[in-house]
Amino acid sequence: MTTTDTPPAAGATSAASLNPRRRTFKPNTRHIPVLATLVLLALMYGGGIANYEKFGQPSVFVNLFRDNAVLLVVAVGMTFVIITGGIDLSVGAVISLTTTLTATLLQGGWPPLVVLVLVLLLGSLIGAGQGAVIHFFKVEPFIATLAGLFLARGLALFINQSSIPIRDETWKAISQYRIPLADGVVTKPIALIAIAAVLIAAAVLAWTRFGRNVYAIGGNADSALLMGLPVGRTRIAVYTLSGFCAALGGVLFSINSTSGWALQGSGLELDAIAACVIGGVLLTGGSGYVFGALLGVLVTGLIQTIINFQGDLNPAWTRIIVGVLLFGFIVMQRLVTRRAK
Amino acid sequence: MAEQSPVLEMTGIRKVFPGVVALDGVDFRLYPGEIHALMGENGAGKSTLIKVLTGVYDIDGGDITLAGAPVRINGPLQAQQAGISTVYQEVNLCTNLSVAENIFIGREPRRFGRIQWGLMRRRAAELLARLDLDLDVSAPLSTYSLAIQQMVAIARAVDISARVLILDEPTSSLDTSEVAQLFAVMRRLKDEGVAILFVSHFLDQIYEVSDRLTVLRNGQLIGEYRTAALPQVQLVEKMIGKELAVLSDVEDEAQSSREKAAEASPVIEARGLGRSGAIAPFDLTIHAGEVVGLAGLLGSGRTELARLLFGADRADQGELSIDGRPVTLRSPQLAMKKGIAFSSENRRTEGIIGDLSVRENIILALQASRGWTRPIPRRRQDEIVEKYIKALQIRPADPERPVRNLSGGNQQKVLLARWLITEPRLLIIDEPTRGIDVGAKAEIQKLVAELSGGGMAVLFVSAELEEVLRLSHKIEVLRDRRLVEELENTDGVDADRIMQTIASGATS
């Protein structure tokens, strides 16, 4: 069991007297990683504005959402999974399967709406299957979703190994549609969809029983079971949700590139996990916010933007910096949780 | 109370596990507004009965009626819905969630599917106030002590269903004032008409708080009594049956070996041995065949002293000699080579490896001392293990069973066996009898007496003075990380005398 380093609160009075101290010193240890990421983001943004002439233009910031819409949607699903203490390695492969299938079906003349519903269902189904294997056979999430990764990627390559262009009018229309936000600032529908996903997910986590059960399972799954919470159902639902998000990400991908390709989204699962961790979602489960994952995605996106602005830097720097940040944030999480205990 | 009808009635409950009848026709009644203690040794069937009540186990026979209506309990959730809530020894809450959430999770007040946090916090605060607890309900549970967490668990249980509350060893990790607070909460709930089933190893607590008690032994019902009408000695007799005689045997054995020990040669001798911050320099001599008891309060330096003698911590001053030759114990391995064995106080975290079998756990230390290049042949292993399972009466006597499925007392015996097969000359045992029942305690004490009779030197660490007095030839009293007095255990020495020393620290 967890031991606290607060002095043993023997009576109600001493327990009550602890409260003011905790309030003034550490508002909430759970917020520290998110706040740190927010500070980092602000520093990077400020640094960008100071160094590059056009960095301060609103379009630079707005484009972060457009360029990282897929990653954002996938990270939302990943956040749920990681909060339960699990991991989902299959999301990148589900994206490639979704884009390939979408492109193939659209080229085959299927109605766009049917294709959309079908691929979203398929993604959810793959997720639900993984969740069921994890729950009923007590398989480690790492292994179960690794199997899902191979399966989905294999299926995608089986359908078609090369890039398939999408000529469907609806897809092209959505791809070319621009939403004016302000003077000279426009964004794409996919960015709004990603933001909507973040908002809905945040509300679900904070205000629904399902959301709270996700936290409870991550905190202590055995306790959650003894408290009568639907652990199995919630766990399967979380992987289903992650599968759905991955499929949605795949759809966004196919819209953005008006093509489908079986090698699309390779390694994206790792980018999503990295974004979650940088955003303060604890890999051990039980703690984290969708808002944090959003910040994590923005941080990685901003690194890329800065490198583009610099112009003469090797793009590999993005990965190097993300690697360094990951180390830093994992160590920080460790310190924060250790102090909380 | 006799006029009332029981809220819970279990008749002829039978539960069979492969090879064992865990419950054999047990009756149990629980009235509203009473605290009812369930008594019995480890393995008597208490846990099984509780698991039947909470729906973890299905029964093989018998009837359960709740408030007059027959019920069949199929799972923890269903037990809750039927009005039976349980609080376990290990707090089963999620410490990452807030106090209020821990009370209400799964039952949060909602409006259009949205959790009403404000209402939830208010109701949590009201509920806790009813139990005289003033907590910050929006703080994570992890910021509070184990005792408070336990009360939060009780608050949750009570709020879910106020009919039957099962408290399974809730006091085992609480200190005295925390226990008092828990009892206050229990009495308050009892006054509200809640029926409470209480399990504890501490007889004093049973007598302080319970109204009636039911005794089980070997899966059978021994009887149901009014606590006030049953003297403690009789209760113990009913719990352990005829084995009570063992305890007086132990004392005789200890007496007879006492004379022998005096003339034996010293096995280990410490002169001014100490470690700053852990234990002040002390002198200590232990002879072959001698039992030396370490007495003192929790945190007085008992374990620290023992760890120095085993090399688990390094002494930074003083000298140590074994068989008259000076040694520096740099590591436990070296100590083991010199014939010193140390059985740790935390059998769960430092001793027993739950997933390994009884055989593997017993063979562990011997194998380690031989090195992995010279594995012990399987046939030899089986011989050794069988011998010790028999000698220490480890139950169930199945060498291939994972240790985690054994009761606390039997795990302790496995741990002892592990060190005994290395044939140590000095055996250090730290709190071997903590958290185990009276019968197993007596067996372990008897074993210690026999070992010293056979010439082994024993350093016996225990928080229970009675036990130290019964076994030891010599008692070292510790206070504030200092060895304050050495007492020969003669007839003039009793618990009062030792407590006086612990309390005053003065050498009289």
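Residues numbered from 1 in each chain as written. Chains lettered and ligands numbered in written order. Predicted model: local features only at pLDDT ≥ 70, side-chain atom pairs only at ≥ 80, totals over all residues. Heavy atoms only, no water.

**With respect to the overall build of chain A**
What chain A contains, in helices and strands, is 15 helices and 4 strands. What you see for chain A is a C-alpha radius of gyration of 21 Å, in line with the 20 Å of a compact globule of 341 residues. Overall size of chain A, expressed as C-alpha extent along the three principal axes, is 70 × 55 × 35 Å. Put simply, chain A has 341 residues, and 51% of those count as buried. Approximately 15500 Å² of chain A is accessible, and the part contributed by carbon and sulfur atoms is 68%. Measuring between centres, the 22 positive side-chain charges of chain A sit 12 Å from its 12 negative side-chain charges. (Helix = DSSP H or I, 4+ residues; strand = E, 2+ residues; numbered from the N terminus. Rg over C-alpha atoms; globule rule 2.2 N^0.38 Å. Buried < 20%, exposed > 50% of the residue type's maximum accessible area, 1.4 Å probe, protein only. Areas by Shrake-Rupley, 256 points an atom, 1.4 Å probe, with all protein chains shown as cover. Lys, Arg positive; Asp, Glu negative; His and termini not counted. Charge placed at Lys NZ, Arg CZ, Asp CG, Glu CD.)

**Comments concerning the confidence of the model for chain B**
Chain-level pLDDT for chain B is 83 on average; 90% of the residues reach the 70-or-more range. Predicted complex metrics record ipTM = 0.83 and pTM = 0.71. (pLDDT = per-residue confidence, 0-100.)

**With respect to the sheet that holds strand E4 (residues 61–66) of chain B**
Residue and element names in this part refer to chain B. Spatially, 4 strands are ordered E2-E1-E4-E5 in an open sheet, and the strand pairing comes out antiparallel. A single partner strand is all that each edge strand has here, and the edge strands are strand E2 (20–30) and strand E5 (69–71). On average, adjacent strands in this sheet sit at an angle of 30° to one another, irrespective of strand direction. As defined by bridge partners, E4 adjoins E5 across 3 bridges and the pair is classed as antiparallel. Each bridged residue has a counterpart across the sheet, and for isoleucine 64 the counterpart in E5 is valine 71. (Pairing = 2+ DSSP bridges. Axes fitted to C-alpha atoms, helices over the stretch in contact; angles between N-to-C directions.)

**Here we look at the interface of chain A and chain B**
Across the contact, 32 residues belong to chain A and 40 residues belong to chain B. Roughly 3200 Å² of surface becomes buried between chain A and chain B when both sides are summed, with 54% attributable to carbon and sulfur atoms. Sorting the residues of chain A by area buried against chain B places Trp207, Arg209 and Met227 of chain A first, and these three jointly supply 23% of that buried surface. Seen at the junction of chain A and chain B, the total is 2 salt bridges. For glutamate 101 of chain B, the salt bridge goes to arginine 212 of chain A, with nearest N and O atoms at 2.6 Å. Counting across the interface, chain A meets chain B through 9 residue pairs in polar contact (both at pLDDT 80 or more). Of all the secondary structure elements, the ones that give two or more residues to the side of chain A that touches chain B are helix H1 (12–25), helix H9 (189–207), helix H10 (209–219) and helix H11 (221–226) of chain A. Among the residues forming the side of chain A that touches chain B, the class breakdown is 15 nonpolar, 12 polar and 5 charged. (Contact = heavy atoms within 4.5 Å. Buried area = accessible area lost by both parts, 1.4 Å probe. Salt bridge = Lys/Arg side-chain N within 4 Å of Asp/Glu carboxyl O. Polar contact = N/O pair within 3.5 Å; in protein donor to acceptor, adjacent residues only side chain to side chain. Nonpolar A, V, L, I, M, F, W, Y, C, P; charged D, E, K, R; others polar.)

**Things to note about the pattern of salt bridges**
All names here are of chain B. In this structure the tally under the stated criterion is 27 salt bridges over all chains. In this structure, arginine 29 engages glutamate 224 in a salt bridge whose closest nitrogen and oxygen atoms are separated by 2.8 Å. On the criterion of sequence distance, the pair formed by arginine 29 in strand E2 and glutamate 224 in strand E12 (residues 220–226) is long-range, its members being 195 residues apart. Residue classification places arginine 29 among the partly exposed residues on the basis of a relative accessible area of 29%. Between arginine 212 and glutamate 224 there is a salt bridge; the shortest N-O distance is 2.5 Å. Taken together, the residues span a long stretch of sequence, with arginine 212 in strand E11 (residues 212–217) and glutamate 224 in strand E12 at a distance of 12 residues. Using a relative accessible area of 5% as the deciding quantity, one classes arginine 212 as buried. Residues participating in the shared-partner salt-bridge network are Arg29, Glu34, Arg212 and Glu224.

**A short note on the packing of aromatic side chains**
All chains considered together, the criterion is met by 10 aromatic pairs over all chains. Measuring from centroid to centroid gives 5.6 Å for tyrosine 45 of chain A and phenylalanine 61 of chain A, while their planes differ by 70°, and the two rings are edge-to-face. One end of the pair, tyrosine 45 of chain A, is in helix H2 (residues 32–51); the other, phenylalanine 61 of chain A, is in helix H3 (residues 58–67), with 16 residues separating them in the sequence. With 5.8 Å between their ring centres and 75° between their planes, phenylalanine 61 of chain A and phenylalanine 65 of chain A make a pair best called edge-to-face. Of this pair, phenylalanine 61 of chain A and phenylalanine 65 of chain A are both found in helix H3, 4 residues apart, which corresponds to roughly one turn of the helix. For phenylalanine 61 of chain A, a relative accessible area of 31% corresponds to the partly exposed category. Site record: aromatic cluster; members linked through ring pairs are Tyr45, Tyr52, Phe55, Phe61, Phe65 and Phe309 of chain A. Its guanidinium or amino end placed over the ring of tryptophan 207 of chain A, arginine 114 of chain B lies 4.2 Å from that ring's centre, counting from NZ or CZ. (Phe/Tyr/Trp six-rings, centres within 6.5 Å; stacked < 30°, edge-to-face > 60°. Lys NZ or Arg CZ within 6 Å of the ring centre and 35° of its normal.)

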